[in-house]
Amino acid sequence: LINSFLLQTSTMERTYIMIKPDGVQRNLVGEIIKRFEQKGYQLLAMKLVRPGKEHLQAHYADLAGKGFFNGLIEYMNSGPVVAMVWGGFNVVAEGRKMLGATKPSESAPGTIRGDFAVEVGRNICHGSDAVASAEKEIALWFKEGVCEWNPSRNAWVYEN
Ligand code: IDP
Ligand code: MG
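Not measured: the values here are computed from a predicted model.

Procedures and definitions
Residues numbered from 1 in each chain as written. Chains lettered and ligands numbered in written order. Predicted model: local features only at pLDDT ≥ 70, side-chain atom pairs only at ≥ 80, totals over all residues. Heavy atoms only, no water. Near = heavy atom within 4 Å. Polar contact = N/O pair within 3.5 Å; in protein donor to acceptor, adjacent residues only side chain to side chain. Nonpolar A, V, L, I, M, F, W, Y, C, P; charged D, E, K, R; others polar. Pairing = 2+ DSSP bridges. Helix = DSSP H or I, 4+ residues; strand = E, 2+ residues; numbered from the N terminus. Axes fitted to C-alpha atoms, helices over the stretch in contact; angles between N-to-C directions. Buried < 20%, exposed > 50% of the residue type's maximum accessible area, 1.4 Å probe, protein only. Arc of directions from axis to C-beta. Contact = heavy atoms within 4.5 Å.

Caption draft 1: Spotlight on the site of ligand 1. Ligand 1 sits among Lys 20, Tyr 60, Leu 63, Phe 68, Leu 72, Arg 96, Thr 102, Arg 113, Val 120 and Asn 123. One nitrogen or oxygen atom from the side chain of Thr 102 is found 2.5 Å from an oxygen atom belonging to ligand 1. Contact distances for ligand 1 include 3.2 Å between an oxygen atom and a backbone N or O atom of Val 120. Residues belonging to the shell around ligand 1 are distributed by class as follows: five nonpolar, two polar and three charged.

Caption draft 2: Here's a closer look at the sheet that holds strand S3 (residues 81-89). The four strands are arranged S2-S3-S1-S4 in an open sheet whose pairing can be described as antiparallel. Across the chains shown, the open sheet's two edge strands, defined by having one partner strand only, are strand S2 (42-49) and strand S4 (125-127). In this sheet, adjacent strand axes meet at a mean angle of 15 degrees when their direction is disregarded. Pairing between strand S1 (residues 12-19) and S3: eight bridges, direction antiparallel. Pairing of Met 12 across the sheet is with Phe 89, part of S3.

Caption draft 3: Main features of helix H3 (residues 29-39). Of all the positions in H3, only Ile 32, Ile 33, Arg 35 and Phe 36 are classed as buried. Down the axis of H3, the buried side of the element spans an arc of 155 degrees, and every buried residue falls inside it. At its buried positions, H3 is contacted by S1, S2, S3, helix H6 (91-99) and helix H7 (112-116). Of the residues trailing H3, Gly 40 is marked for its positive phi of about 120 degrees.

This is how it looks when you write it as structure tokens:
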């Protein structure tokens, strides 16, 4: 059991997943958490927050030059968001697949955006696009750190 836990942690990734203000207002919090939970990923941190424009601008700093940037910040600042950290094997790329393409018109049915969103400016959820950006986003949103724990179900999710 100890060996298998060590094996898992060596291939473990973390990703920053956020339910945007429209996802919260549309009562999709439980639905989105449910999908990550049922997949077998591990919840490592979660909070409902309204951090303000400066923090949101820092989160989306890479997009500062885009024409939609101010609108994006207004949208993200329009209500509380659910900030989460999820862990698991390949969770960064798999998490993006579960969210679906950025534009809901291109998101496959079965993905969160494909199932629940219509427009790119109201696409319900955020997920880190790489391991490095995930770690940066986790540090920005969870300055207090995350909760480390060993899920008893791991032996039923992972073969080794
Ligand atoms: P991502 O959320 O799939 O990683 P990014 O390109 O990083 O997509 O863009 C961040 C967010 O900015 C998107 O999720 C979406 O809410 C918004 N966004 C991206 N492109 C557009 C656009 O063309 N118009 C309006 N909003 C956009
Ligand atoms: Mg992005």
